[in-house]
Amino acid sequence: MKRALVPGVVTAFVALASTAFAQEPAPAAGAPPAAVRLPATEELVLPCGMRVFLVPDHETPLVALRVRLPGGGNQDTPALAGRAALVADWLRRGAGERDTLAFRRAVEDAGGVFDTYATARWIGIDAEFLAEDAPLAVSLLADVLLRPRLDAAEFAKSRDLALEQINVLRTEPNAALGNYWNAWLFGAHPWGNPAGGDEASLGGDPDALRAAATEFARETTRAGNVWLAVAGDFDSVALRALLTEAFPGTGEPLPPPPVPAVPQPRKGGVLLVDEPDSLQTYFTCGGPGFDRTDPDHAARHLANTILGGRFTSRLNRALRTEAGLTYGAFSRFDDVRGGAFWMHTFTQRARTAECVGMARRIYREFVEKGMTADELASARTYVKGQFAPDELETAAQSADWVLDLAISGLSRDFIDGWFARLDAVTLDDVNRVIRERFPREPLAWAFIGPAAVVRPIAEGLGEVTQIELSAPGFGPR
Amino acid sequence: MRRRALSWTAGICLAGALAGAARAADPAPDVHEHDLPNGMKVLVLEDHSIPNAALYVMWRVGSRNERPGITGIAHFFEHMMFLGGHRFGRTFDNVMEAAGGSNNAYTTRDVTCYQDWFPASELPLILDMEADRMSGMDFVPATVQSEREVVYSERRLDMEEPEVVLDEQLWAAAYTAHPYQWDVLGWPSDIEAWRQEDLEAFFTANYAPQNAVLVLVGAVDADAAFAQIEKRMAGIPRGPERRPVVTREPEQLGERRVVVEDTSGGVPIVMCAWHVPASAHADTPPLMVLEHMLLGGESSRLHTELVEGEQLCVDVSGGLQGLQFDPSLFVVTCTLRDGGDPAAAEARVRAAVARVAREGPTERELRAAQNTLRASILRRMKTIDGKAEVLAETEVFFGGWRRLAARLDALRSVTADDVKRVAAAYLTERGITVGTLLPRAAEPGDDEDAAEDGR
């Protein structure tokens, strides 16, 4: 591949996409896209208290169900890290009349998909079926939310698999680094939890863990905590009737559970995870940032596009294209974790010092001098040009945004006004944001690599805490 | 290949969806097809759902067109094509991103594919850029050297993934003659050793317009878009005819085994591989059903038995290895639990295969496979990118995009006996290659690089 900037790491960090749009009618040939809007949606609350959003799109005979159960990993203490992910897996291990295998067959025999997963912000269910199977899709969803079996033996399987997956993760340093980084930056706050848990949180008293998971499963699936979007090819009237029947009872919609008091991330300090056999050194560095609700969000996005948000960004151009040090280098603001800023790359062990030095030089020059007018124009065109296919081409993509905005308490203008906000950013704005709101050194650092090589370099960056890759957990909390 | 496994299933399915959609409304999907005099095939499909377009240029060149000593050069070329055009040269990416476009590329054992995604209004510029790099390359030594390091970095990522290391050894053992025996990224010694003249010769031999298919899908006027394509591409001269890949892998005469000792602290892995026909062969549809019943999803036989039932494995995966011009492999990969017994996993896989060869699939399994294949088509059809990819794949691998409907029909008409027959014919004891990754503790002295780095 030419690029694919380290997909493992992107996944591990669960970076939130920070932009989106749905397009106007097709523009005249030769004109660039002018504006973008979320498609029209119908919103309702079922008598049971469940919120429902309908995003019809009849182009393809498929229907997608997107469910968000706010809470997620943010409700897990470090001792319970990974609980939300376990609950997500457990929910589809048997529901209603079906045991685990029967449930999976019901989905897969129809050519459907029914995935459950956890992020820091919510447990999610992403399902998609042929349009003709909408009744089946709704009944399976109702079974999972209203009648999960929560069987003890199935929980044990789920936990054992999660522990095994931690072993596998330890063989993939570029993917594992995200866990170490979050722990290093946020310590004992839930934002520092490894999404899949660790040896201690999963390996303790199984009955206590199952009790905590059961409580969380009951809590998070309450009708008032369910946010459902249905996207694709369906008849609204018939679907409303189907949902009302499948989710009976009365209740009130609940506010999303609060996130424990938001911490300031670590400023400075180096975590070195020793892997003596590693052929490469992997590292991430960064510090406090600000999130997408800030008035400087558009400027932040344009600034990061130039620093490390696209292939020709300064970081990737220097480290990859010009120096041949790496396959990829990039930077992000983590909107799931308060907009913390980080940049990431890797290089062969013998060139570690060169790579670290170059990354620092580029970052320092960026935050001291800002960007040029040409760069701003290029970033603005790029962000707008990629917006439709990346964010709003399919009904399911639009549904993801509708849910995210609603749960976050953001208005549709977050999408509909995005191009206008991008257009309003001046060179002075963007350079003020770069100079004043990107974190200054000392940055926090996390390395996975051979300590014999990395330690002397790390010592030049701050106080070093060294641990073994093979040690349980993902660093000091 | 695994870089970006081209999915046979996806290809067929998409094809089917296009064809199916067409059947409802019109005799054929509204693909505009043109053959340029230089041999390049051009397909254009209008789609105005977003104001963007996707352009695929798929070249019939992959690692199967290499030879020992220059392995990995097709993939290296994929990188160089962003750095060496006469007009745009190293500014290729800067120009494209400044116009609101992005791009990527991938290389498989069989093809190299370049993808551009851009506002439809920028079509003239994007075509200028594609025509420029088709017309010739400047190989600046400093650029070659730097990009060689990038590719090596990509290769090192693979070398740190135990499953990838085992996969590479598996193919090297299963093939003795055919160029599928080496990985797309090439052997490290070859990456270090390509010379300028190797690059020039490879470009001339392979990057000729008659080896390319160009597919454009998006918010364009098809006739106007084709006129723009013709204006820029038709003048590129037809190249010399290549020597075809003539080597046929001789029949495997008995079981082969390969072991990789792994010190990374990971878990055991077992891979079982069998030789199967090329993607366009009539036995591929029943093999797809076989793949689905063994490995497709969590209700598949091997997942149910090995991951859930006996809990011997963390994961089972694999099957057909994407789209290929020549006879390829069907691979079952078992990632074991910590301390799990590889021999037990291998025995289970072999027994499951033998049972299909004896009994075939159940009616439920056959229907589930066919439903899943149909739905996966439709899923790919939701985007302009998916449509472009399926058109390109079908054109290149199945003898023309119009074969879409026929391929889907072939899938629909697979019977239980077909599946039984292909399992018995191809997944044989005589033709199996087994790869095993065995964890072992690292010993002092393993880490030879450390001293060197320390200097």
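The model shown is predicted, which means the values in this text are computed figures rather than measured ones. (Residues numbered from 1 in each chain as written. Chains lettered and ligands numbered in written order. Predicted model: local features only at pLDDT ≥ 70, side-chain atom pairs only at ≥ 80, totals over all residues. Heavy atoms only, no water.)

**Observations regarding the overall build of chain B**
Part 1 of the reasoning: Of regular secondary structure, chain B possesses 17 helices and eleven strands.
Part 2 of the reasoning: Here the C-alpha coordinates of chain B stretch approximately 70 × 60 × 40 Å along the principal axes.
Part 3 of the reasoning: Expressed as a percentage of the 455 residues in chain B, the buried residues total 62%.
Part 4 of the reasoning: Counting contacts in chain B only where the partners sit at least 6 residues apart, residues at least 24 apart contribute 83% of the total.
Part 5 of the reasoning: Surface summary for chain B: the accessible area is close to 15700 Å², and the carbon and sulfur share equals 51%.
Part 6 of the reasoning: Averaged over its 46 positive side-chain charges, chain B has a centre that lies 6 Å from the centre of its 70 negative ones. (Helix = DSSP H or I, 4+ residues; strand = E, 2+ residues; numbered from the N terminus. Buried < 20%, exposed > 50% of the residue type's maximum accessible area, 1.4 Å probe, protein only. Contact = heavy atoms within 4.5 Å. Areas by Shrake-Rupley, 256 points an atom, 1.4 Å probe, with all protein chains shown as cover. Lys, Arg positive; Asp, Glu negative; His and termini not counted. Charge placed at Lys NZ, Arg CZ, Asp CG, Glu CD.)

**Concerning the overall build of chain A**
Part 1 of the reasoning: Within chain A one finds 18 helices and twelve strands.
Part 2 of the reasoning: Computed over the C-alpha atoms, the radius of gyration of chain A is 23 Å, within 12% of the 23 Å expected from 2.2 N^0.38 for a compact globule of 477 residues.
Part 3 of the reasoning: Taking the principal axes of its C-alpha atoms as reference, chain A extends roughly 65 × 60 × 40 Å.
Part 4 of the reasoning: Residues counted as buried form 62% of the 477 residues belonging to chain A. (Rg over C-alpha atoms; globule rule 2.2 N^0.38 Å.)

**What to know about the sheet that holds strand β7 (residues 270-274) of chain A**
For sheets, the rule is that strands pair by backbone hydrogen bonds, running either parallel or antiparallel.
All names here are of chain A.
Part 1 of the reasoning: Taken in spatial order, the six strands make up an open sheet running β9-β10-β8-β11-β7-β12, and their pairing is mixed. Because the sheet does not close on itself, it has two edges, and the strands there are β9 (330-334) and β12 (464-468). Shown here is a sheet whose adjacent strand axes are inclined to one another by a mean of 20°, direction ignored.
Part 2 of the reasoning: Lying over the sheet, helix α12 (residues 352-369) contacts β8 (280-287), β10 (340-348) and β11 (444-449), oriented at roughly 150° with respect to β10. (Pairing = 2+ DSSP bridges. Axes fitted to C-alpha atoms, helices over the stretch in contact; angles between N-to-C directions.)

**A few points about the side chain of R314 of chain A**
Part 1 of the reasoning: Assignment of secondary structure puts R314 of chain A in helix α11 (residues 314-322).
Part 2 of the reasoning: Here R314 of chain A is in contact with I306, L307, I362, E365, F366, G370, M371 and E375 of chain A, once residues within four sequence places are set aside.

**Considering the sheet that holds strand β7 (residues 256-262) of chain B**
Residues and elements named next belong to chain B.
Part 1 of the reasoning: Overall, mixed pairing links the five strands, which are arranged β7-β11-β8-β10-β9 in an open sheet. If you trace the sheet from one side to the other, it starts and ends with β7 and β9 (313-320), each paired once. Averaged over all pairs of adjacent strands, the angle between strand axes in this sheet comes to 15°, irrespective of strand direction.
Part 2 of the reasoning: When strand β8 (residues 269-276) meets strand β11 (residues 433-439), the two strands line up antiparallel, connected through five bridges. Paired with C272 across the two strands is V434, which belongs to β11.
Part 3 of the reasoning: Against the sheet, helix α12 (residues 342-359) makes contact with β7, β8, β9, β10 (328-336) and β11, and its axis sits at roughly 30° relative to β8, the strand it touches most.

**Overview of the pattern of salt bridges**
Part 1 of the reasoning: What the rule picks out here adds up to 74 salt bridges over all chains.
Part 2 of the reasoning: One salt bridge in this structure joins E459 of chain A and R455 of chain A, with 2.8 Å as the shortest N-O distance. With E459 of chain A and R455 of chain A both in helix α18 (residues 451-459) and four residues apart, the pair spans about one turn of that helix.
Part 3 of the reasoning: Its relative accessible area of 47% is what places E459 of chain A among the partly exposed residues.
Part 4 of the reasoning: E33 of chain B is paired through a salt bridge with R402 of chain B; the nearest N and O atoms lie 3.2 Å apart. (Salt bridge = Lys/Arg side-chain N within 4 Å of Asp/Glu carboxyl O.)

**Considering the interface of chain A and chain B**
Part 1 of the reasoning: Contacts between the two partners involve 72 residues from chain A, matched on the other side by 78 residues from chain B.
Part 2 of the reasoning: Between chain A and chain B the total buried area reaches about 6400 Å² when both faces are included, carbon and sulfur atoms providing 51% of it.
Part 3 of the reasoning: Summed over the shared surface of chain A and chain B, the result is 13 salt bridges.
Part 4 of the reasoning: A salt bridge links R93 of chain A to E308 of chain B, with the nearest nitrogen and oxygen atoms 2.9 Å apart.
Part 5 of the reasoning: At the boundary of chain A with chain B, the tally comes to 30 residue pairs in polar contact (both at pLDDT 80 or more).
Part 6 of the reasoning: For the side of chain A that touches chain B, the secondary-structure elements that each account for two or more residues are α3 (100-109), β5 (122-130), α5 (152-169), β8, α11, β10 and α13 (373-391) of chain A.
Part 7 of the reasoning: Ranked by residues supplied to the side of chain A that touches chain B, first place goes to α5 of chain A with eight residues.
Part 8 of the reasoning: Partitioning the side of chain A that touches chain B into residue classes produces 28 nonpolar, 21 polar and 23 charged. (Buried area = accessible area lost by both parts, 1.4 Å probe. Polar contact = N/O pair within 3.5 Å; in protein donor to acceptor, adjacent residues only side chain to side chain. Nonpolar A, V, L, I, M, F, W, Y, C, P; charged D, E, K, R; others polar.)

**Quick look at a negative patch on the surface**
Part 1 of the reasoning: Negative charge collects at one region of the surface, where E172 of chain A together with E161, E163 and D315 of chain B lie side by side.
Part 2 of the reasoning: Structurally, E163 of chain B is set in helix α6 (residues 162-174). (Patch = residues over 30% accessible without salt bridge, like charges linked within 9 Å, V, L, I, M, F, W, Y side chains within 5 Å.)

**Remarks on the confidence of the model for chain A**
Part 1 of the reasoning: Averaged over chain A, the pLDDT score is 92; the fraction of residues at 70 or greater is 93%.
Part 2 of the reasoning: Low pLDDT, under 50, characterises residues 4-29 of chain A; the predicted model gives this stretch 87 contacts beyond four residues in sequence or across chains. (pLDDT = per-residue confidence, 0-100.)

**Quick word on the packing of α11 of chain A against α12 of chain A**
Residue and element names in this part refer to chain A.
Part 1 of the reasoning: It is the contact of α11 with α12, at a shortest axis distance of 10 Å, that shows an interaxial angle of 155°. Between α11 and α12, the interaxial angle falls into the category roughly antiparallel. Helix-helix and strand crossings are classified by hand; for α11 and α12 the assignment is right-handed. Packed against α11, whose contacting residues are R314, L315, A318 and L319, the element α12 presents C355, M358, A359, I362, E365 and F366 at the interface.
Part 2 of the reasoning: Class assignment of the residues belonging to the contact of α11 with α12 gives a composition of eight nonpolar, no polar and two charged. (Parallel < 35°, antiparallel > 145°, perpendicular 65-115°, else oblique. Left-handed = near helix turned anticlockwise from the far one by under 90°.)

**Some remarks on the pairing of strand β1 (residues 31-35) of chain B**
All names here are of chain B.
Part 1 of the reasoning: Across five bridges, the pairing between β1 and strand β2 (residues 41-46) is antiparallel. Its bridge partner lying in β2, D35 is registered against K41.
Part 2 of the reasoning: Where β1 hands over to β2, the hairpin turn is made up of five residues, of which G39 adopts a positive phi near 100°.

**Concerning the nonpolar core**
Part 1 of the reasoning: Grouped together as the largest cluster of nonpolar side chains are 76 residues, with contacts concentrated most on F114, F129, L141, Y180, L228 and F247 of chain A.
Part 2 of the reasoning: In terms of nonpolar packing, the next biggest core, distinct from the first, is built from 72 residues, L307, V356, A379 and V425 of chain A among them. (Core = buried A, V, L, I, M, F, W, Y, C linked by side-chain atoms within 4.5 Å.)

**Let's talk about unusual backbone geometry**
Part 1 of the reasoning: The peptide bond linking E441 of chain A to P442 of chain A adopts the cis configuration, its omega dihedral lying at 5°.
Part 2 of the reasoning: Relative to the helices and strands, P442 of chain A resides in the loop between α17 (427-437) and β11.
Part 3 of the reasoning: Even without being glycine, L150 of chain A reaches a positive phi, approximately 45°.
Part 4 of the reasoning: Secondary-structure assignment places L150 of chain A in the loop between α4 (134-146) and α5.
Part 5 of the reasoning: We note that Q311 of chain B has phi near 55°; this positive angle belongs to a residue other than glycine.
Part 6 of the reasoning: Tracing the backbone through its elements, the reader meets Q311 of chain B in the loop between α11 (301-309) and β9.

**Details of the packing of aromatic side chains**
Aromatic ring pairs are reported here in terms of the distance separating the ring centres and the angle at which the planes meet.
Part 1 of the reasoning: A full pass over the atoms with the stated rule returns 31 aromatic pairs over all chains.
Part 2 of the reasoning: Taking the centre distance of 5.9 Å and the plane angle of 55° together, the rings of F387 of chain A and F419 of chain A count as tilted. Of this pair, F387 of chain A sits in helix α13 while F419 of chain A sits in helix α16 (residues 418-424), placing them 32 residues apart in sequence. Comparing F387 of chain A with F419 of chain A, the two get one shared label, buried.
Part 3 of the reasoning: Between F76 of chain B and W194 of chain B, the aromatic rings sit 4.6 Å apart at their centres with planes inclined by 35°, giving tilted as the arrangement. Placement of F76 of chain B in helix α2 (residues 73-80) and of W194 of chain B in the loop between α7 (188-193) and α8 (196-206) is noted, with a sequence separation of 118 residues between them. Grouping residues by exposure puts F76 of chain B and W194 of chain B together as buried.
Part 4 of the reasoning: Sitting above the plane of the F290 of chain A ring, R300 of chain A keeps its charged end 5.9 Å from the centroid. (Phe/Tyr/Trp six-rings, centres within 6.5 Å; stacked < 30°, edge-to-face > 60°. Lys NZ or Arg CZ within 6 Å of the ring centre and 35° of its normal.)

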